[in-house]
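Survey of secondary and tertiary structure
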Amino acid sequence: FRIQDRDEFFSGKLAVWIRTHEAELKKNGSNGHYVGDSVTLADIKTAVALDSLLNEQYQLKQFEGIHKLINAEATPNLWKVRETVRDKKSYAHWLVSDKYKEISAETTAFFDWEYGTKDQE
């Protein structure tokens, strides 16, 4: 990502995504779920997306400001979804698995985030 692309992503698409999802989650009672009161695919996909955005590897060069946009205070409903899914033992095991670490490293390398060289383009 170039810095301009990152900034446009933060202020544009990600900001809209956050507002939209916060509103939808509020409609369901701010209970940590999109639908009803149990974990659904929507909850899991959101948790995965948030964990990816908040991943320390990505923050090193590109997404240092992500915690200002997504945190328990600024995005309470999204944060609750993330925490609800992370409380599931199978998901917690996934986050510490070698396969998760491998995929995260491959994603970092693919986007060249680890070294930040795309900022220079």
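All values derive from a computational prediction rather than experimental measurement. (Residues numbered from 1 in each chain as written. Predicted model: local features only at pLDDT ≥ 70, side-chain atom pairs only at ≥ 80, totals over all residues. Heavy atoms only, no water.)

Quick word on the packing of aromatic side chains
Let me state the cut-off plainly: Any two rings among Phe, Tyr and Trp, with Trp reduced to its six-membered ring, count as a pair given centres within 6.5 Å; such a pair is stacked if its planes are under 30 degrees apart, edge-to-face if over 60, and tilted if neither. The rule is simple: take the accessible area with a 1.4 Å probe, protein chains only, and divide by the maximum for that residue type; under 20% is buried, over 50% is exposed, in between is partly exposed. A ring is scored as having a charge over it whenever the NZ atom of a lysine or the CZ atom of an arginine sits within 6 Å of its centre and within 35 degrees of its normal.
For the structure shown, the criterion picks out one aromatic pair. Measuring from ring centre to ring centre gives 5.5 Å for Trp94 and Tyr100, while their planes differ by 75 degrees; the resulting arrangement is edge-to-face. Accessibility expressed as a relative area gives 16% for Tyr100, which makes it buried. Residue placement shows Arg82 over the ring face of Trp79; its charged tip is 4.8 Å from the ring centre.

Examining the environment of Leu95
Selection criterion: In this description a helix means any DSSP run of H or I spanning at least four residues, a strand means any run of E spanning at least two, and both kinds are numbered starting from the N terminus. Pairs of residues are marked as contacts when any of their non-hydrogen atoms sit within 4.5 Å.
Its location among the elements puts Leu95 in helix H6 (residues 89-95). Given the relative accessible area of 14%, Leu95 is considered buried. With 44 residues separating them along the chain, Leu95 and Asp51 place their C-alpha atoms 9.0 Å apart. When sequence neighbours within four positions are dropped, the list of residues in contact with Leu95 reads Asp51, Arg86 and Tyr100.

Notes on the confidence of the model for the protein
This is how the line gets drawn: Every residue gets a pLDDT, meaning the predictor's confidence in that residue, from 0 to 100.
Overall, the predicted model of the protein reaches an average pLDDT of 83, with 81% of residues at or above 70. Taken element by element, the protein is modelled with least confidence in helix H3 (residues 56-59), mean pLDDT 56, and with most confidence in helix H5 (residues 76-86), mean pLDDT 97. Within the model, pLDDT remains below 50 along residues 113-121, and this stretch shows 24 contacts once partners closer than five positions in the same chain are excluded.

Notes on the pattern of salt bridges
The condition that has to hold: Any carboxyl oxygen of Asp or Glu within 4 Å of a side-chain nitrogen of Lys or Arg constitutes a salt bridge here.
All told, the structure shown has five salt bridges when counted by the stated rule. For Arg82, the salt bridge identified is with Asp51, shortest N-O distance 2.6 Å. Placement of Arg82 in helix H5 and of Asp51 in helix H2 (residues 41-54) is noted, with a sequence separation of 31 residues between them. In terms of burial, Arg82 and Asp51 fall into one category: buried. Here Arg82 makes a salt bridge to Glu83, at a shortest N to O gap of 3.8 Å. Overall, the relative accessible area of 10% leaves Arg82 in the buried class. One network of salt bridges, in which partners are shared, links Asp51, Arg82, Glu83 and Arg86.

Re the side chain of Asp51
Look at Asp51 and you get buried, because its relative accessible area is 4%. Apart from residues lying up to four places away in sequence, Asp51 is in contact with Arg82, Arg86, Tyr91, Leu95 and Tyr100.

Regarding the packing of H2 against H5
Put simply, the rule reads: The convention used is that axes are lines fitted to C-alpha atoms, helices contributing only their stretch in contact, and that angles between N-to-C directions extend from 0 to 180 degrees. Roughly parallel refers to an angle under 35 degrees, roughly antiparallel to one over 145, roughly perpendicular to one between 65 and 115, and oblique to any angle outside these ranges. We call Asp, Glu, Lys and Arg charged. Ala, Val, Leu, Ile, Met, Phe, Trp, Tyr, Cys and Pro are nonpolar, and the rest, Gly among them, are polar.
In the contact formed by H2 and H5, the axes pass within 9 Å of each other and the chain directions differ by 100 degrees. The angle between the axes of H2 and H5 places the two elements in the roughly perpendicular class. Contacts between H2 and H5 involve Asp43, Ile44, Thr46, Ala47, Leu50, Asp51 and Leu54 on the former and, on the latter, Leu78, Trp79, Val81, Arg82, Val85 and Arg86. Split by residue class, the contact of H2 with H5 holds eight nonpolar, one polar and four charged.

Re the environment of Ser104
The residue Ser104 is located in helix H7 (residues 98-111) in this model. Judged by its relative accessible area of 6%, Ser104 is buried. Residues Ser104 and Asn55, 49 residues apart in the sequence, show an inter-C-alpha distance of 8.3 Å.

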